[in-house]
Amino acid sequence: MMPRTCPECSNELQQQRLASITGEDMGWRVRALEYPVFACPRGHVLRELYPDFNTSWSTELSKVPSLWVTAPSFFRRKWRCPSCGEKQQHANTEQASRKITLHNDKEGQFSVEIAGPMRVCRRCGQGFIGKRAAGQVFEALAKALKSHKIERWR
Ligand SMILES: [Zn+2]
Ligand SMILES: [Zn+2]
């Protein structure tokens, strides 16, 4: 693992939180709030909280069962709300957002807001992301991380 010092000024990196980092892709916007990183106190570098931190929380996000909904087959044009179980017509999506808290360990916990064209349950009002949009959601997320040049541990 790399030493926890800044390659430019040799100051020790310190744990810090970024108030908000945002990325967009094809109508989807992902915003991580209070995102934990290691940072040079003089602002030279930002680094992941620990090795594979980004990978681990992306995987966690992709497995939140109450967030994703599978598109029904062509012949069964209904989907079932993962939250309340209501069956409904598939057709429309509308602009909606969800906020998800990730990582239960204290150091790494933060939340992500995802906004975009979701399937919205007509009974409980909860928005869900069709699994086909997962690629765009994760691309938006990657752009958020890239925009702040958050380095990985090597
Ligand atoms: Zn520095
Ligand atoms: Zn519902």
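Small disclaimer: the values here were computed from a predicted structure and weren't measured.

Conventions we followed
Residues numbered from 1 in each chain as written. Chains lettered and ligands numbered in written order. Predicted model: local features only at pLDDT ≥ 70, side-chain atom pairs only at ≥ 80, totals over all residues. Helix = DSSP H or I, 4+ residues; strand = E, 2+ residues; numbered from the N terminus. Buried ≥ 20, exposed ≤ 12 C-beta atoms within 10 Å, placed from the backbone. Contact = placed C-beta atoms within 7 Å. Pairing = 2+ DSSP bridges.

Caption draft 1: Geometry of the overall build of the chain. Helix and strand counts for the chain stand at two helices and ten strands. What you see in the chain, going N to C, is helices and strands ordered as β-β-β-α-β-β-β-β-β-β-α-β. Considering only C-alpha atoms, the chain reaches an extent of 60 × 30 × 25 Å along its principal axes. Relative to its full complement of 154 residues, the chain shows a buried share of 25%. Residue pairs at least 24 apart in sequence account for 64% of intrachain contacts in the chain once pairs closer than 6 positions are excluded.

Caption draft 2: Seen up close, unusual backbone geometry. A positive phi is found at methionine 26, a non-glycine position, where the angle reads about 45 degrees. Looking at where methionine 26 falls in the secondary structure, it is placed in the loop between strand S1 (14–25) and strand S2 (28–39). One non-glycine residue, aspartate 52, lies in the positive phi region at around 65 degrees.

Caption draft 3: Inspection of the pairing of strand S7 (residues 94–102) at higher detail. Of all nine residues making up S7, only zero are buried, and the element is barely covered by its neighbours. Relative to strand S8 (residues 110–120), S7 is paired through nine bridges, and the arrangement is antiparallel. Opposite leucine 102, over in S8, you have phenylalanine 110 as the bridge partner.

It is worth stressing that arrangement in space is one thing and function is another; only the former is reported here.
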